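# Survey of secondary and tertiary structure
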Amino acid sequence: MGGGGIVLRRLVAGLAAIVLVVEAALLVLVHIVLGRTTANQSMSIAGSDPALMSKATYAMGAGMGAFLVLCAVIAAVTAIRDRAPGRFGRVVLISGAVTHGVLGILSVALVGWAAFAATMLILCLLVLTLTSYAARPGGSGGGEDEAGDAGEDTPPLPPTPPFGELKPTSP
């Protein structure tokens, strides 16, 4: 990958980190408003305690905010180091992308097309970050920055046996 590709993938990962932090802040703010509204209404839904529902809303906002900030930190570290995230980082970013896919489906029905477009933008940034830092087989492209990207934490494949040692798998 040329110099322009390195700049582009760093830009995408950095932009994903910034957008995820903004989204985390907005979601925490929305959950604070929802929690206060629930506490102020003093309404019971099917016998549920309003104070418990309010605290659960706060906890959900904090949990979602923390998850999105974790995704943002992983994307920022990826952009700064210009190296693919490790196994844990990939799992977190993939789960963030899946979460945004599900939220996008729900948001188009419940909130509208603008929320859907924003959610899909974040999904695209996460997927582009993951695919632009994907391991390249054989180290094609060369370059000192990509030498460590090709499967750092995966063991090498075992050598293939000679033709005479191959056995059929079906009876």
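Just so we're clear, the structure is a prediction, and the values are computed from it rather than from any experiment.

## What to know about the packing of helix H3 (residues 87-110) against helix H4 (residues 113-132)
Across the interface, H3 lies against H4 with an axial gap of 8 Å and an inter-helix angle of 160 degrees. Classified by the interaxial angle, the pair formed by H3 and H4 is roughly antiparallel. Remark: the crossing between H3 and H4 carries left-handed chirality. Between H3 and H4, the residues in contact are Arg-90, Leu-93, Ile-94, Gly-96, Ala-97, His-100, Gly-101, Leu-103, Gly-104, Ser-107 and Val-108 and Trp-113, Ala-115, Phe-116, Thr-119, Met-120, Ile-122, Leu-123, Leu-126, Val-127 and Leu-130, respectively. Looking at the contact of H3 with H4 residue by residue, the class counts come to 14 nonpolar, 6 polar and 1 charged.

## Observations concerning the packing of aromatic side chains
Here a ring pair, both rings aromatic, is described through the centre-centre distance and the interplanar angle of the planes. A complete count under the given rule lists 1 aromatic pair for this structure. For the pair Trp-113 and Phe-116, a centre-to-centre distance of 5.4 Å together with 85 degrees between the ring planes defines the contact as edge-to-face. Taken together, the positions of Trp-113 and Phe-116, both in helix H4 and 3 residues apart, correspond to about one turn of that helix. On the accessibility criterion, Trp-113 (63% relative accessible area) is exposed.

## As for the environment of Arg-90
Here Arg-90 shows up in helix H3. Between the alpha carbons of Arg-90 and Cys-71 there is a distance of 9.6 Å; along the sequence they are 19 residues apart.

## Re the packing of helix H2 (residues 50-81) against H3
Packed helices, taken two at a time, are described by the angle their axes make and the gap between the axes. Taken N-terminus to C-terminus, the directions of H2 and H3 make an angle of 125 degrees; their axes are 10 Å apart at the nearest point. In terms of their interaxial angle, H2 and H3 are classed as oblique. Handedness of the crossing formed by H2 with H3: left-handed. Contacts between H2 and H3 involve Phe-67, Leu-68, Leu-70, Cys-71 and Ile-74 from the former and Phe-88, Gly-89, Val-92, Leu-93, Ser-95, Gly-96, Thr-99 and His-100 from the latter. For the contact of H2 with H3, a count of residues per class yields 8 nonpolar, 5 polar and no charged.

## Brief notes about the pattern of salt bridges
This structure, assessed with the given rule, holds 1 salt bridge. Between Asp-82 and Arg-9 there is a salt bridge; the shortest N-O distance is 3.1 Å. Here Asp-82 is found in the loop between H2 and H3, whereas its partner Arg-9 is found in helix H1 (residues 3-41), with 73 residues between them in sequence. Its relative accessible area of 2% is what places Arg-9 among the buried residues.

Parameters and conventions
Residue positions are counted from 1 within each chain, in the order its sequence is given. Per-residue local features are limited, in this predicted model, to residues with pLDDT of at least 70; the limit for side-chain atom pairs, both in listing and counting, is 80 or more; totals at the level of whole chains, interfaces and linings are taken over all residues. For the side-chain quantities, the full set of heavy atoms in the structure was used; hydrogens and water were omitted. Helix axes use the C-alpha atoms of the stretch in contact, all axes being lines fitted to C-alpha atoms, and the angles between their N-to-C directions lie in the range 0 to 180 degrees. Helix numbers and strand numbers start at the N terminus; a helix is a DSSP run of H or I with at least 4 residues, a strand a run of E with at least 2. Throughout, the term roughly parallel applies to angles under 35 degrees, roughly antiparallel to angles over 145, roughly perpendicular to angles from 65 to 115, and oblique to all others. By convention, the crossing between two helices is left-handed when the near helix turns anticlockwise from the far helix through less than a right angle, and right-handed when the turn is clockwise. Residues count as neighbours in contact if any of their non-hydrogen atoms are within 4.5 Å of one another. Charged residues are taken to be Asp, Glu, Lys and Arg, nonpolar residues to be Ala, Val, Leu, Ile, Met, Phe, Trp, Tyr, Cys and Pro, and polar residues to be all remaining types, Gly included. Each Phe, Tyr or Trp ring, with Trp reduced to its six-membered ring, pairs with another whose centre is within 6.5 Å; inter-plane angles below 30 degrees give stacked pairs, above 60 give edge-to-face pairs, and intermediate values give tilted ones. Categorising residues by exposure relies on relative accessible area from a 1.4 Å probe, with only protein chains included: less than 20% of the type maximum marks a residue as buried, more than 50% marks it as exposed, and the intermediate range marks it as partly exposed. Here, a salt bridge means any Lys or Arg side-chain nitrogen found within 4 Å of an Asp or Glu carboxyl oxygen.

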